Amino acid sequence: MATYTQSPSAGAVSAPVVPKSKGRIVVNWITSTDHKTIGYMYLIASFIFFCLGGVMALLIRAELFEPGMQILQTKEQYNQLFTMHGTIMLLMFGRRSSPASRT
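Calculation criteria
- Residues numbered from 1 in each chain as written.
- Predicted model: local features only at pLDDT ≥ 70, side-chain atom pairs only at ≥ 80, totals over all residues.
- Heavy atoms only, no water.
- Helix = DSSP H or I, 4+ residues; strand = E, 2+ residues; numbered from the N terminus.
- Buried < 20%, exposed > 50% of the residue type's maximum accessible area, 1.4 Å probe, protein only.
- Contact = heavy atoms within 4.5 Å.
- UniProt positions renumbered as here; feature names shortened; annotations may be inferred.
- Patch = residues over 30% accessible without salt bridge, like charges linked within 9 Å, V, L, I, M, F, W, Y side chains within 5 Å.
- Areas by Shrake-Rupley, 256 points an atom, 1.4 Å probe, with all protein chains shown as cover.
- Salt bridge = Lys/Arg side-chain N within 4 Å of Asp/Glu carboxyl O.

An unreviewed UniProt entry lists the protein under the name Cytochrome oxidase subunit I profile domain-containing protein, with Sinomonas cyclohexanicum given as the organism.

Laid out in structure tokens, this is it:
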């Protein structure tokens, strides 16, 4: 079995490659229906929420490190931070990266 490949002729001129602007690339990603692109967006969003929740966990640990040493201004801010950390890690990171979300 032989295969035939057509080689470009020596005198042929190819069309110039025009780079896309950064804004156009972002719009293509956001409006994409390609399953691989959507998968990458899920991975990126999950990683960002994991980092954000991790920073919140570090702030919570720093607040509890030693009695009397306050990182946050009020107890209300601590409660809000604790709630935001739980919500982000449970709903935004855990749900996006769990195998059950792929059904």
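A.B. asks: Just checking my understanding: could you explain the side chain of His85 for this structure?
C.D. replies: On the secondary structure map, His85 appears in helix α3 (residues 75-97). Since its relative accessible area comes to 19%, His85 is described here as buried. Discounting chain neighbours no more than four positions away, the residues touching His85 are Gly53, Met56, Ala57 and Ile60.

A.B. asks: Please explain the UniProt feature "transmembrane region" (unreviewed entry) in the protein as it appears in this structure.
C.D. replies: Taking the numbering used here, the UniProt-annotated feature "transmembrane region" (unreviewed entry) corresponds to residues 39-60. Secondary structure content for residues 39-60 is 100% helix and 0% strand, and the end C-alpha separation is 31 Å.

A.B. asks: Teacher, can you tell me more about a nonpolar patch on the surface here?
C.D. replies: A contiguous nonpolar patch, built from Ile25, Trp29, Tyr40, Leu43, Ile44 and Ile48 and spanning about 610 Å² of accessible area, is present on the exposed surface. Those elements that place two or more of their residues in the nonpolar patch are α1 (22-30) and α2 (35-63). The element that contributes the greatest number of residues to the nonpolar patch is α2, accounting for four residues. Position of Ile48 relative to the elements: it lies in helix α2.

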